[in-house]
Amino acid sequence: METPVVLAPMAGITNAAYRRLCREQGAGLYVCEMITSRGLVEGDATTKSMLVFDELEDVRSVQLYGTDPAYVGKATEILCAEYGVAHVDLNFGCPVPKVTRKGGGAALPWKRNLLGEILTAAVSAGARYGVPVTMKTRIGIDEDHQTYLDAGRIAEESGAAAIALHGRTAIQGYSGTADWAPIAELVQHVDIPVLGNGDIWEASDAVRMVAETGAAGVVVGRGCLGRPWLFRDLAAAFAGETVAVLPSLGEVRTMMYRHAELLAQHMGEERGCKEFRKHVSWYLKGFSAGGELRHALALVSTLAELDRLLEQLDPDEPFPTSILGAPRGRQGSPRKRVVLPEGWLDDADGTGLHLAEDIDEVSGG
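Residues numbered from 1 in each chain as written. Predicted model: local features only at pLDDT ≥ 70, side-chain atom pairs only at ≥ 80, totals over all residues. Heavy atoms only, no water.

## A short note on the packing of aromatic side chains
Turning to step 1, where the next piece is worked out: Using the criterion set out here, one finds 4 aromatic pairs in the structure.
Turning to step 2, where the next piece is worked out: Residues phenylalanine 287 and phenylalanine 319 carry aromatic rings whose centres are separated by 5.6 Å and whose planes lie at 90 degrees to one another, so their mutual orientation is edge-to-face. In this pair, phenylalanine 287 is assigned in the loop between α13 (280–283) and α14 (291–297) and phenylalanine 319 in the segment after α15 (303–310), connecting sequence segments 32 residues apart. In this pair, the class of phenylalanine 287 matches that of phenylalanine 319, namely buried.
Turning to step 3, where the next piece is worked out: Within the aromatic cluster, the residues linked to one another by ring pairs are Trp229, Phe287 and Phe319.
Turning to step 4, where the next piece is worked out: Directly above the ring of tyrosine 174 sits arginine 138, whose terminal nitrogen or CZ lies 5.0 Å from the centroid. (Phe/Tyr/Trp six-rings, centres within 6.5 Å; stacked < 30°, edge-to-face > 60°. Helix = DSSP H or I, 4+ residues; strand = E, 2+ residues; numbered from the N terminus. Buried < 20%, exposed > 50% of the residue type's maximum accessible area, 1.4 Å probe, protein only. Lys NZ or Arg CZ within 6 Å of the ring centre and 35° of its normal.)

## Structural notes on the packing of helix α6 (residues 112–127) against helix α7 (residues 148–158)
Turning to step 1, where the next piece is worked out: Relative orientation of the contacting elements α6 and α7 amounts to 35 degrees, with a least axis distance of 9 Å. Of the two elements, α6 crosses α7, and the hand of that crossing is right-handed. Between α6 and α7, the residues in contact are Arg112, Leu115, Gly116, Leu119, Thr120 and Val123 and Asp150, Ala151, Arg153, Ile154, Ala155 and Ser158, respectively. (Axes fitted to C-alpha atoms, helices over the stretch in contact; angles between N-to-C directions. Left-handed = near helix turned anticlockwise from the far one by under 90°. Contact = heavy atoms within 4.5 Å.)

## Topic: α7
Turning to step 1, where the next piece is worked out: All of the buried residues along α7 are Tyr148, Ala151, Gly152, Ile154, Ala155 and Ser158. Along the long axis of α7, the arc covered by the buried residues comes to 170 degrees, so they all point the same way.
Turning to step 2, where the next piece is worked out: Tucked into the core, α7 has its buried residues touching α6, β5 (133–138), β7 (145–146), β8 (162–166) and α8 (181–189).
Turning to step 3, where the next piece is worked out: Immediately downstream of α7, the backbone of glycine 159 shows phi near 95 degrees, a positive value. (Arc of directions from axis to C-beta.)

## What to know about the pairing of strand β10 (residues 217–220)
Turning to step 1, where the next piece is worked out: A two-sided burial pattern is seen for β10, the buried positions comprising Gly217 and Val219 on one face and Val218 and Val220 on the other.
Turning to step 2, where the next piece is worked out: Here strand β1 (residues 5–7) pairs with β10 via 3 bridges, running parallel. Counterpart to leucine 7 in the pairing with β10 is valine 220.
Turning to step 3, where the next piece is worked out: Bridging between strand β9 (residues 194–197) and β10 involves 3 bridges; their strand directions are parallel. If you follow asparagine 197 over to β10, its bridge partner there is valine 219.
Turning to step 4, where the next piece is worked out: The parallel pair β9 and β10, bridged by helix α9 (residues 203–213), forms a crossover whose chirality is right-handed. (Pairing = 2+ DSSP bridges. Right-handed = clockwise from strand over helix to strand, strands pointing away.)

Written as structure tokens, this is what we have:
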């Protein structure tokens, strides 16, 4: 990969329109929203509706969630054979209670052998089509139940092409500060590439992470919310070039309209505009746009209306440097505990363990 940057899957965010917008800014790997293996295998309509790709998306990348090796293997085969997917990433990082309660996401790597069975099923299915499989995980369930070193070893033994590590435990959720030291430790522990994830808010953070940890690249999630041009800055930074000047509100305004336009192309104007609403506050973070105008933008239902409202923003207002390096998107507080299946921590084996898979889960990690 020329620019060692991956867009992390984010539910309701990283649809085909947003991936196209980010690709227009810079090189990288842009991953589709997470889908469930059972949903895909059983032909769930919602799951299939998420598997939409832009016509310029030459490398189709999908993140798959699953807890059952048979479902995950079959889903990987469907993605390769029917959707022309060129990369499959397995999610073992989601900290959301409805996922960990079923033993999925960040809870699953505690069961070492089950993790190996799932990875092996996906890798062997992908290998028949020449499609690499990677995995994403966290440091562990909590400080006392760390899983990342074993997960890295198992990923390597199973034939995974790479592993991405988010420098937080499941109990932290998205709170606090990411710990990059385990990323550096994992780099020393395995021979496959390790990608680092967590608290990359600016291009300089990505360069620093790679320098400090030896990671082969970075995974960017919340840092690009309302800032698709971060991928332009990342491409420049990794190429050793000067990072571009921060955009004025006029340039942000243009980006906002382009985003809504792409959503409208993929979903139809009304739904596209509704989808765009959630992005308004991220784009305008730190700018002086008034509350009334922000409110109107967050209720927009046509592109013409959006265009008229955007005209009211001062195109010459400079980018608010005070927000550089500040967290974006969800943060919250650490959880009091991670919700797990009864007796989950009693053993770390999990061979042949059968976990019920839901058709719909939520993305994260």
